Amino acid sequence: MSTENLPQSPEQPPRKPRVAVVFGGRSSEHGISVVTAGAVLKAIDRTKYDVLPIGITKDGRWALTADAPERMAIIDRRQPSVDVLAESDEGGVILPVDPSNREVVYSEPGSVPKALGEVDVVFPVLHGPYGEDGTLQGLLELSGVPYVGSGVLASAVGQDKDYMKRVFTSFGLKVGPYLVVRPREWRQDEQAARKRIVDFAGDHGWPLFVKPARAGSSIGITKVDDLAGLDEAIAEAQRHDPKILVEAALRGREIECGVLEFEDGPRASVPAEIPPPDAHAYYDFEAKYIDSTPGIVPAPLTPEETAEVQRLAVEAFEAASCEGLVRADFFLTEDGEFVINEINTMPGFTPISMYPQMWQASGVSYPELVDRLVQAALHRSTGLR
């Protein structure tokens, strides 16, 4: 029988890629992650992508949340929280663990689990441990779900400032003087560990910066001007991470540079300068996110200095085997040398954050930046690469 005259069913339009924006998390940077997610949700092209917001509460529950960027901002100096945005106090989102199945499921106690559809790519905007440090990346690798940003190794290296500096040094990048105190060392002989720090200060002078080895957003960092403030600074750093890092103060200008992966490889943005904040001892959490101390974009550098910091930023990106994006932070010392302080594999991504601002000044708008990162993830396989 001929089918030529039978009515033809209309073709279904192709399904838009579904992007799961995962945010919040168990680290002390929970609130900033929520702010970042709000900016990404607002910027992502809804005509091009379906979006599924998934928040991780402070106790680690994966929650279905409202797609409400306007509720994900710092208001009256208060940070937002997934616990407030979650649609249920008990329901949980379950990612697939079978690489052949990308179906996301939502379940609540006493209810039949509900399929939320397949996820094509995850945009993890988690900051700090339990998300930015390779843990989530490992889960997504096991699930076979592509994701934005660096893989397991680079994420772990980018989170642990001790091993980050070791990697940079092995590739010939200059780092400042530092000391690491590991938790076992502190437990076994607290007095000897403290003496190491005091001896370090004797060699390099005060002030020192005492910080958690595996945290970001300047949380838990104390500028210590003398011996009297040392114990309190150590306790504050250990409140966020039992492994602490002690750094000598470097005299110079703070310069940042963004790196973004293009089809032909990573490229560096125009650099920015972080001027000393008037109301703060240094560029701490309050200066960054609460008082929004503005950076200078582009940084007032010579063409030679700009080219050099861009070269070093890309070199740091490659040294740590990064993918997608990185913000590289440097000091330009008084003798004209760039010393790398750290990289961030998932830098602050709010509209006021330096990474988007540097790329905006380089000709890549915030929505274009988000789209480029998602497209790069969609075209990159999981597994060994």
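Residues numbered from 1 in each chain as written. Predicted model: local features only at pLDDT ≥ 70, side-chain atom pairs only at ≥ 80, totals over all residues. Heavy atoms only, no water.

An unreviewed UniProt entry annotates the protein chain as D-alanine--D-alanine ligase of Streptomyces viridochromogenes. The record held by UniProt for the protein chain lists under Catalytic activity (unreviewed entry) the comment "2 D-alanine + ATP = D-alanyl-D-alanine + ADP + phosphate + H(+)". Looking at the protein chain in UniProt, the text filed under Subcellular location (unreviewed entry) is "Cytoplasm". (UniProt positions renumbered as here; feature names shortened; annotations may be inferred.)

Once that is clear, we can look at unusual backbone geometry. Cis geometry is found at the peptide bond from Trp206 to Pro207, where omega equals 0 degrees. Mapping Pro207 onto the fold places it in the loop between α7 (190–204) and β9 (208–212). Along the chain, Val297 connects to Pro298 via a cis peptide bond; the corresponding omega equals -5 degrees. Along the polypeptide, Pro298 turns up in the loop between α9 (285–290) and α10 (303–319). Positive phi outside glycine occurs at Ser321, with the angle close to 60 degrees. When you line up the elements, Ser321 lands in the loop between α10 and β15 (325–333). (Helix = DSSP H or I, 4+ residues; strand = E, 2+ residues; numbered from the N terminus.)

The next thing to look at is the nonpolar core. Core analysis: the biggest nonpolar cluster contains 35 residues, and Val19, Val21, Phe23, Val40, Phe123, Phe349 and Val370 have the highest contact counts within it. Of all the secondary-structure elements, those providing two or more residues to this core are β1 (18–24), α1 (30–43), α2 (82–85), β7 (121–124), β12 (252–262), α11 (354–361) and α12 (366–378). Beyond its immediate chain neighbours, meaning those up to four positions away, Val370 contacts Val40, Ala43, Ile44, Phe123 and Phe349. Grouped together as the second largest cluster of nonpolar side chains are 27 residues, Leu312, Phe317, Cys322 and Ile340 included. (Core = buried A, V, L, I, M, F, W, Y, C linked by side-chain atoms within 4.5 Å. Buried < 20%, exposed > 50% of the residue type's maximum accessible area, 1.4 Å probe, protein only. Contact = heavy atoms within 4.5 Å.)

With that settled, the discussion passes to the pairing of β1. Taking burial as the measure, the seven residues of β1 include seven buried ones, the bulk of the element. Where β1 lies against strand β2 (residues 50–56), seven bridges are found, and the strand directions are parallel. In the strand pairing of β2, Phe23 is matched with Gly55. At this point the chain moves from β1, through α1, to the parallel β2, and the crossover so formed is right-handed. Taken together, the four bridges between β1 and β7 define a ladder with parallel strand orientation. Residue pairing in the sheet places Val22 in a bridge with Pro124 of β7. (Pairing = 2+ DSSP bridges. Right-handed = clockwise from strand over helix to strand, strands pointing away.)

Moving on: helix α4 (residues 152–159). Of all the positions in α4, only Ala154, Ser155, Val157, Gly158 and Gln159 are classed as buried. Along its buried surface, α4 packs onto α3 (135–143), α5 (161–170) and β16 (338–344).

Overall, mixed pairing links the four strands, which are arranged β3-β2-β1-β7 in an open sheet. The open sheet terminates on both sides in strands that have one partner only, identified here as β3 (62–64) and β7. On average, each strand axis in the sheet is inclined to that of its neighbour by 30 degrees, with strand direction left out of account. Where β2 meets β3, three bridges bridge the pair, whose relative direction is antiparallel. If you follow Gly55 over to β3, its bridge partner there is Ala63. (Axes fitted to C-alpha atoms, helices over the stretch in contact; angles between N-to-C directions.)

Attention shifts here to the packing of aromatic side chains. Inspection of every chain in the model, using the stated rule, returns five aromatic pairs. Note on Phe262 and Trp359: the rings are 5.9 Å apart at their centroids and 50 degrees apart in plane angle, and the pair reads as tilted. Of the two residues, Phe262 is situated in strand β12 and Trp359 in helix α11; the sequence distance between them amounts to 97 residues. On the basis of relative accessible area, Phe262 is assigned to the buried category, the value being 12%. Residues Phe349 and Tyr366 carry aromatic rings whose centres are separated by 5.5 Å and whose planes lie at 65 degrees to one another, so their mutual orientation is edge-to-face. Here Phe349, found in the loop between β16 and α11, pairs with Tyr366, found in helix α12; they are 17 residues apart in sequence, far enough to count as distant. In this structure Phe349 comes out as buried when scored by relative accessible area, which is 0%. (Phe/Tyr/Trp six-rings, centres within 6.5 Å; stacked < 30°, edge-to-face > 60°.)

Take the sheet that holds strand β10 (residues 222–224) next. Across the sheet, which stays open at both edges, the four strands sit in the order β8-β11-β9-β10 with antiparallel pairing between neighbours. Strands at the two margins of the open sheet, each flanked by one partner only, are β8 (178–181) and β10. The average undirected angle you get between the axes of adjacent strands in this sheet is 25 degrees. Pairing analysis gives four bridges linking β8 to strand β11 (residues 244–248), with the strands arranged antiparallel.

Turning next to the domain arrangement of the protein chain. Under the domain assignment, the protein chain is made up of domain 1 (18–147), domain 2 (158–175 + 251–364) and domain 3 (178–248). For domain 1 versus domain 3, the distance between C-alpha centres works out to 34 Å. Contact residues are listed per partner, giving four residues for domain 1 and six residues for domain 3. Carbon and sulfur atoms supply 50% of the area that domain 1 and domain 3 bury against each other, a total of about 360 Å² over both sides. Looking only at domain 1, the three residues that lose the most surface to domain 3 are Ser28, Glu29 and Pro129, adding up to 89% of its buried area. Across the contact surface, domain 1 and domain 3 share zero salt bridges. Where domain 1 packs against domain 3, one counts one residue pair in polar contact (both at pLDDT 80 or more). Broken down by class, the residue content of the side of domain 1 that touches domain 3 amounts to two nonpolar, one polar and one charged. (Domains from an automatic or database assignment. Buried area = accessible area lost by both parts, 1.4 Å probe. Salt bridge = Lys/Arg side-chain N within 4 Å of Asp/Glu carboxyl O. Polar contact = N/O pair within 3.5 Å; in protein donor to acceptor, adjacent residues only side chain to side chain. Nonpolar A, V, L, I, M, F, W, Y, C, P; charged D, E, K, R; others polar.)

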